[in-house]
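# Fold and geometry: a report
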Amino acid sequence: MSAAKAAQQTHRILVVDDDPDIIELLEYNLQKEGYDVRTATDGRKALEVAKAFLPELVLLDIMMPQLDGIETGRQLREIPELRQAYILFLTARSEEYSEVAAFEIGADDYITKPIKPRALMSRINALFRREAQKADPGEKIEIADLVINRKNYSVNQGERSVILPKKEFELLFFLAQNPNKVFSREELLQKIWGADIYVLERTVDVHIRKLREKVGEGYIRTLKGVGYMFEVE
């Protein structure tokens, strides 16, 4: 086995879909890449498996009986150990509202069926590569009453701890790392989601809105028709 594949074995992936053929296809291809894989055929079972397995990435179908993917994803994000896990939604639906709903609960990517295994493996590998190539995890930013610590993905505002999913944290950290500099939605998509992730520009707006709900309106400024910046006097 190659060193790359040996390294990938440390990455745990949970596949959730009510179609056994898709489960089999994804499980085979992910294991072939060297990933440690568990599966579930509905949302309730996925939550049970996730609590024990603690996946670093979840491939989650949206249209499932009993508990749909959006609600399953929301409950996964409420598990403290899984707040920083990647969630990639799988769906046959192409309506924009499905994508927005997925990103509302902290999705990292959105993949439309039929699934192309090679393209999906490439996207997953890219996610983990970017994770490994990030800047010094010990970096800490302190601005006014905010302390943003990349070592443990924590945000503190005064005495209050602010819980952020991975993408919201990365967006806040990036903007705070570049104060008073304006970034367009396209630039933020490239910096935070990467060139190989295909998401709507509206995704940035959703994440900015959720950040403002959690840390207040005073930090991130909107420049109409241009983009966003982290404003520091």
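Scroll up for the structure.
Residues numbered from 1 in each chain as written. Predicted model: local features only at pLDDT ≥ 70, side-chain atom pairs only at ≥ 80, totals over all residues. Heavy atoms only, no water.

### Some details on the overall build of the protein
What the protein contains, in helices and strands, is nine helices and 11 strands. By the burial criterion, 49% of the 233 residues in the protein qualify as buried. Summarising the internal contacts of the protein: among those between residues at least 6 apart in sequence, 59% fall at separations of at least 24. Per element, the accessible surface of the protein, about 11,500 Å² overall, is 49% carbon and sulfur. (Helix = DSSP H or I, 4+ residues; strand = E, 2+ residues; numbered from the N terminus. Buried < 20%, exposed > 50% of the residue type's maximum accessible area, 1.4 Å probe, protein only. Contact = heavy atoms within 4.5 Å. Areas by Shrake-Rupley, 256 points an atom, 1.4 Å probe, with all protein chains shown as cover.)

### Describing the sheet that holds strand β8 (residues 154-157)
Ordered by their spatial adjacency, four strands build an open sheet running β6-β7-β8-β9, and the pairing between neighbours is antiparallel. Unpaired on one side and paired on the other, β6 (140-143) and β9 (160-162) mark the two borders of the sheet. Neighbour-to-neighbour, the strand axes of the sheet open up by a mean angle of 20°, direction not taken into account. Pairing between strand β7 (residues 146-149) and β8: four bridges, direction antiparallel. (Pairing = 2+ DSSP bridges. Axes fitted to C-alpha atoms, helices over the stretch in contact; angles between N-to-C directions.)

### So, the side chain of Asp42
Turning to its location among the elements, Asp42 is positioned in the loop between β2 (36-40) and α3 (43-53). Comment: no salt bridge for buried Asp42; closest opposite-charge side chain is Arg44, at 6.1 Å. A polar contact of 2.8 Å, which involves the side chain of Asp42, links it to the backbone nitrogen of Lys45. With near-sequence residues (within four places) excluded, Asp42 lies in contact with Val16, Met64, Pro65 and Gln66. (Lys, Arg positive; Asp, Glu negative; His and termini not counted. Salt bridge = Lys/Arg side-chain N within 4 Å of Asp/Glu carboxyl O. Polar contact = N/O pair within 3.5 Å; in protein donor to acceptor, adjacent residues only side chain to side chain.)

### Brief notes about the packing of aromatic side chains
Using the criterion set out here, one finds six aromatic pairs in the structure. Considering the side-chain rings of Tyr153 and Phe169, the 4.6 Å spacing of their centres and the 40° angle between planes classify their relative orientation as tilted. With Tyr153 in the loop between β7 and β8 and Phe169 in helix α7 (residues 166-177), this residue pair connects regions lying 16 residues apart in the sequence. Residue classification places Phe169 among the buried positions, given a relative accessible area of 0%. Following the ring pairs from residue to residue traces out a cluster consisting of Tyr35, Tyr86 and Phe128. Note that Lys166 overlies the ring of Tyr153, its terminal NZ or CZ placed 4.8 Å from the centroid. (Phe/Tyr/Trp six-rings, centres within 6.5 Å; stacked < 30°, edge-to-face > 60°. Lys NZ or Arg CZ within 6 Å of the ring centre and 35° of its normal.)

### Notes on the sheet that holds strand β3 (residues 57-61)
With parallel pairing, the five strands of this open sheet are ordered in space as β2-β1-β3-β4-β5. Of all strands in the sheet, those with a lone pairing partner are β2 and β5 (109-112), marking the two edges. With direction set aside, neighbouring strand axes in the sheet form an average angle of 20°. As paired strands, strand β1 (residues 12-16) and β2 are joined by five bridges and run parallel to one another. Looking at β2, one finds that Arg12 is bridged to Asp36.

### Points about helix α2 (residues 20-32)
Between the first and last C-alpha of α2 there are 18 Å, a value that for 13 residues agrees with the 18 Å anticipated at 1.5 Å per step. Those residues of α2 that fall on the buried side of the exposure criterion are Ile22, Ile23, Leu26, Asn29 and Leu30. Projected down its long axis, α2 carries its buried residues within an arc of 150°, all on one side. The exposed set on the far side of α2, more than 90 degrees from its buried face, consists of Pro20, Asp21, Glu24, Tyr28 and Lys32. Once α2 ends, the next one or two residues include Gly34, with phi positive near 100°. (Expected span 1.5 Å × (residues − 1). Arc of directions from axis to C-beta.)

### Let's talk about the pairing of β3
Of all the five residues making up β3, five are buried; the element is thus mostly covered by neighbouring parts of the structure. Every second residue of β3 is oriented toward a common face, with Leu57, Leu59 and Asp61 on one face and Val58 and Leu60 on the other, all of them buried. In the sheet, β1 pairs with β3 via four bridges, with the strands oriented parallel. Within β3, the position partnered with Val15 by the bridge is Leu59. Across five bridges, β3 lies against strand β4 (residues 86-91) in parallel orientation. In the strand pairing of β4, Leu60 is matched with Phe89.

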